[in-house]
Amino acid sequence: MTEARGVPDVTAEELARLDEACFPAAERWTVAAWAGELRAADRRIGIRRVDGRLAAAATVQVVADVADLHRILVDPRYRGRRMATGLLAEMLAMAVSAGAVRVLLEVRRDNTAALALYRGAGFTAIAARADYYGPGADALVMEATLVVPPGQVGGAPRTHPDSGLPGLM
Ligand SMILES: CC(C)(COP(=O)(O)OP(=O)(O)OC[C@H]1O[C@@H](n2cnc3c(N)ncnc32)[C@H](O)[C@@H]1OP(=O)(O)O)[C@@H](O)C(=O)NCCC(=O)NCCS
């Protein structure tokens, strides 16, 4: 199933400013990189604002039935309020609506907060990539399988019941 792609009301400049507050220089996305995400037809972007200020964003690519979570970031001022948890659930729902049944992502092995976020959402590590983020900075590849409960097409996705993983919502 596919649906019209909604692009949120946000600029690449705002996204790059948020990125700068969230990532070390070597891992930052530029304005041009974010503009590419906003333009690409196979991306879904989600944002959160607090008093008009961009507080969080996420982007996922969906190709056929596989989604790839490219980025999720929350302004340090707004962390620890489950903003990323809610945004991730929204991104997975968007991915399911676009036809995804499986979601993959890469995360730095030492990114404690992101690992807690992803594990809490039902992702499991399926592989490691040495030096993915530079010398000594390994990545874990994580995966979640999604199903939509019968009769709830377009509703909240859940991890596959056979996987033994907790629900996503
Ligand atoms: C990872 C990130 C998006 C989490 O955002 P957040 O809104 O603070 O996350 P949430 O409040 O939804 O918390 C999600 C889970 O992670 C845990 N967590 C959050 N920050 C944590 C930390 N510093 N250390 C350990 N666990 C942490 C929470 O306890 C929560 O688990 P729980 O529901 O079992 O309590 C945020 O820290 C961030 O933007 N980091 C920089 C960018 C990044 O690394 N993005 C991920 C790779 S693209």
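Colleague: Can you help me understand the overall build of the chain in this one?
Modeller: Counting its regular elements, the chain contains 4 helices and 7 strands. Mapped in sequence order, the helices and strands of the chain form the string α-α-β-β-β-α-β-α-β-β-β. Taken over 169 residues, the chain has a buried fraction of 30%. Across the chain, every contact between residues at least 6 apart in sequence was considered, and the portion connecting residues at least 24 apart equals 50%.

Colleague: How do you make sense of the site of the ligand when you look at a structure like this?
Modeller: In the neighbourhood of the ligand, 21 residues make up the surrounding shell, with Arg79, Ala84, Thr85, Ala113 and Ala116 lying closest. Elements with a contribution of two residues or more to the shell around the ligand: β3 (66-74), α3 (83-97) and α4 (112-120). Take the shell around the ligand: its biggest share by element is 6 residues, from α4. Looking at the shell around the ligand, its residues break down into 12 nonpolar, 5 polar and 4 charged.

Colleague: Can you help me understand the packing of helix α1 (residues 12-22) against helix α2 (residues 31-39) in this one?
Modeller: If you want to describe how two helices pack, look at the angle between their axes and the distance between the axes. At a closest axis distance of 8 Å, the pairing of α1 and α2 adopts a crossing angle of 125°. As summarised for this structure, α1 and α2 are arranged oblique, according to the angle between their axes. Seen along the crossing, α1 lies across α2 with a hand that is right-handed. Of the residues in α2, those touching α1 at Ala12, Glu13, Leu15 and Ala16 are Val31, Trp34, Ala35 and Leu38. Its residues assigned to classes, the contact of α1 with α2 shows 7 nonpolar, no polar and 1 charged.

Colleague: Where do I start with the pairing of strand β5 (residues 124-129) in this structure?
Modeller: For a regular strand, side-chain orientation follows a simple rule: the groups alternate between the two sheet faces. Burial of β5 is sparse: only 0 of the 6 residues sit out of reach of the surface. In terms of strand pairing, β5 meets strand β6 (residues 139-147) through 5 bridges, oriented antiparallel. Bridge assignment links Ala128 to a residue of β6, and that residue is Leu140.

Colleague: How should the environment of Ala32 be read in this particular structure?
Modeller: Relative to the helices and strands, Ala32 is located in helix α2. Using a count of 9 C-beta atoms within 10 Å as the deciding quantity, one classes Ala32 as exposed. The spacing of Ala32 and Ala16 is 16 residues in sequence and 8.7 Å in space, taken between C-alpha atoms.

Colleague: Mind showing me how you'd approach the nonpolar core here?
Modeller: Buried together is how nonpolar side chains tend to be arranged in soluble globular proteins. Residues Met91, Ala95 and Val103 are the most contacted members of the largest nonpolar core, which totals 38 residues. If you list the elements that add at least two residues to this core, you get α1, β2 (53-63), β3, α3, β4 (102-108) and β6. At 9 residues, α3 tops the list of elements feeding residues into this core. What Val103 contacts, discounting residues up to four positions off in sequence, is Ala67, Leu69, Leu92, Ala95, Glu143, Ala144 and Leu146.

How each quantity is defined
Residues numbered from 1 in each chain as written. Predicted model: local features only at pLDDT ≥ 70, side-chain atom pairs only at ≥ 80, totals over all residues. Helix = DSSP H or I, 4+ residues; strand = E, 2+ residues; numbered from the N terminus. Buried ≥ 20, exposed ≤ 12 C-beta atoms within 10 Å, placed from the backbone. Contact = placed C-beta atoms within 7 Å. Near = placed C-beta within 6 Å. Nonpolar A, V, L, I, M, F, W, Y, C, P; charged D, E, K, R; others polar. Axes fitted to C-alpha atoms, helices over the stretch in contact; angles between N-to-C directions. Parallel < 35°, antiparallel > 145°, perpendicular 65-115°, else oblique. Left-handed = near helix turned anticlockwise from the far one by under 90°. Pairing = 2+ DSSP bridges. Core = buried A, V, L, I, M, F, W, Y, C linked by C-beta atoms within 7 Å.

As far as function goes, none of this settles anything; it's purely spatial.
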